[in-house]
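Descriptive analysis of the structure
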Amino acid sequence: MKKEKDIKKETISVVVPCYNEEEALPYYYEAMDKLSKDLKQDLEFVFVNDGSRDKTLEILKSLAKKDKRIKYISFSRNFGKEAAMYAGFSNATGDYVTTMDVDLQDPPELLKEMIRFIKEDGYDSVGVRRVTRKGEPPIRSFFARCFYKLINKMSDIEMVDGARDYRLMTRQMVNALLELKEYNRYSKGLFSFVGFNTKWLEYENVERVAGETKWSFWKLFKYAIEGIVAFSTVPLVLSSIIGILLCVVAFLFILVIIAKTLVFGDPVSGWPSLACIIIFLGGLQLFCIGVMGEYLSKTYLETKKRPIYIVKDTNINK
Ligand code: UDP
Ligand code: MG
């Protein structure tokens, strides 16, 4: 017979994507190690080295040597944070799973509160959203706000402004996420797509402890387009609607011109305006083909069924 205290403690798996994080990693480990002493649950770390070119992997290996709770997976190249999170979730074995940035922008102390909401209030997931964007370039904040407004209009899936990827989830929700095996992963959307009850905690933006952000403006822009293409087909519908509207306008123009010719004869004029119309329509057509191409290219990548990540080195199952 098992006694009460012999029953295995619950485990929280902490998935940590790391890309060139040699500076932040030691701070992160120290903070988490300290926190783990206050937790009732055991921790399991799944660090994912996303093709770092610095000493991240060496640091992970040496940490894993002294701390048995640490698992690491090292990719053969940089596959991106989405792939890293997927790899982490796939290899996490805990009863609860969380993912957080290694730069301490996701405050580890919030974990205690998150656990409480899941265990006591019955939520399936607790997410974190920052209510301020302090320390971020204003232009970036402006575009981020526009993006969230736009995507929420265009998609049935709710994307919460300021939501970070940091969240604690039950095993059931993680399993649901793992069922979504798409190649083009846009986690903010995937988290909403699987549903379940999510509690949102709010906090003030925290700046990186060390190192620098991996997101350039251009990378963020591409990521935003990816989000729209992954969770909305509105751009396709819009292209068709614009096409139909322009046909109607063209038809009206034809009627006007015929009427004018019949009444006033046919003086040859209006070349500059004609050139403008041709350029405008040409541009619009290319834009709509581009929109279609964006969806087609995603479909193309999905049909290839390439692996989401490739592992070069790991201490799992050794
Ligand atoms: N990251 C990653 N692969 C990438 C880019 C980032 O694994 O290609 C990790 C990075 O190490 C960090 C997290 O994703 O733990 C968030 O990155 P960052 O702090 O640069 O993003 P920000 O907080 O500025 O949005
Ligand atoms: Mg960060």
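Residues numbered from 1 in each chain as written. Chains lettered and ligands numbered in written order. Predicted model: local features only at pLDDT ≥ 70, side-chain atom pairs only at ≥ 80, totals over all residues. Heavy atoms only, no water.

A word on the packing of helix α5 (residues 138-154) against helix α8 (residues 217-231)
Let me state the cut-off plainly: Between N-to-C directions, angles span 0 to 180 degrees; the directions come from axes that are lines fitted to C-alpha atoms, helices contributing only their stretch in contact. Only DSSP runs of H or I with at least four residues qualify as helices, and only runs of E with at least two residues qualify as strands; both kinds are numbered from the N terminus onward. Throughout, the term roughly parallel applies to angles under 35 degrees, roughly antiparallel to angles over 145, roughly perpendicular to angles from 65 to 115, and oblique to all others. By definition, residues are in contact when any of their heavy atoms lie within 4.5 Å. Three categories are distinguished: nonpolar for Ala, Val, Leu, Ile, Met, Phe, Trp, Tyr, Cys and Pro, charged for Asp, Glu, Lys and Arg, and polar for the others, with Gly belonging to the last.
α8 packs onto α5 with a crossing angle of 10 degrees between their chain directions and a minimal axis gap of 10 Å. Relative to α8, α5 is oriented roughly parallel. Across the interface between the two elements, Arg-140, Phe-143, Phe-147, Leu-150, Ile-151 and Met-154 from α5 touch Phe-217, Leu-220, Ala-224, Gly-227 and Ile-228 from α8. Of the residues belonging to the contact of α5 with α8, the class tally is nine nonpolar, one polar and one charged.

Focus: the coordination of the magnesium ion (ligand 2)
As a reminder of what qualifies: Donor atoms (N, O, S) are those found within 2.8 Å of the metal centre, with the cutoff raised to 3.2 Å for Na, K and Ca; water is not part of the atom list, so apparent gaps in a site can occur. A simple rule labels every residue: compare its accessible area, found with a 1.4 Å probe on the protein chains alone, to the largest value its type can have, and call it buried under 20%, exposed over 50%, or partly exposed in between.
Here the magnesium ion (ligand 2) is held by the protein donor atoms Asp-103 (OD) and Gln-105 (OE1), which lie 1.9 Å from it. Comparing Asp-103 with Gln-105 shows no difference in burial state: the two are buried.

A word on the side chain of Glu-21
Within the element layout of this structure, Glu-21 appears in the loop between β1 (11-18) and α1 (24-36). According to the relative accessible area criterion, Glu-21 is buried, its value standing at 6%. With sequence-adjacent residues up to four places away left out, Glu-21 is seen in contact with Asp-54, Thr-56, Val-102, Arg-208 and Lys-214.

Things to note about α1
Stated precisely, the cut-off is as follows: To estimate the expected span of a helix, count its residues, drop one, and scale the result by 1.5 Å. By definition, the arc is the one covered by directions from the helix axis to the C-beta atoms.
In this model α1 runs 18 Å from its N-terminal to its C-terminal C-alpha over 13 residues, within 8% of the 18 Å that 1.5 Å per residue would give. Listed in full, the buried residues belonging to α1 are Ala-24, Leu-25, Tyr-28, Tyr-29, Met-32, Leu-35 and Ser-36. The buried residues of α1 occupy one face: seen down the axis, they fall within an arc of 130 degrees. For α1, exposure combined with an orientation more than 90 degrees from the buried face picks out Glu-30 and Lys-34. Buried positions along α1 lie against β1, β2 (42-49), α2 (56-66), β3 (70-75) and α4 (110-121).

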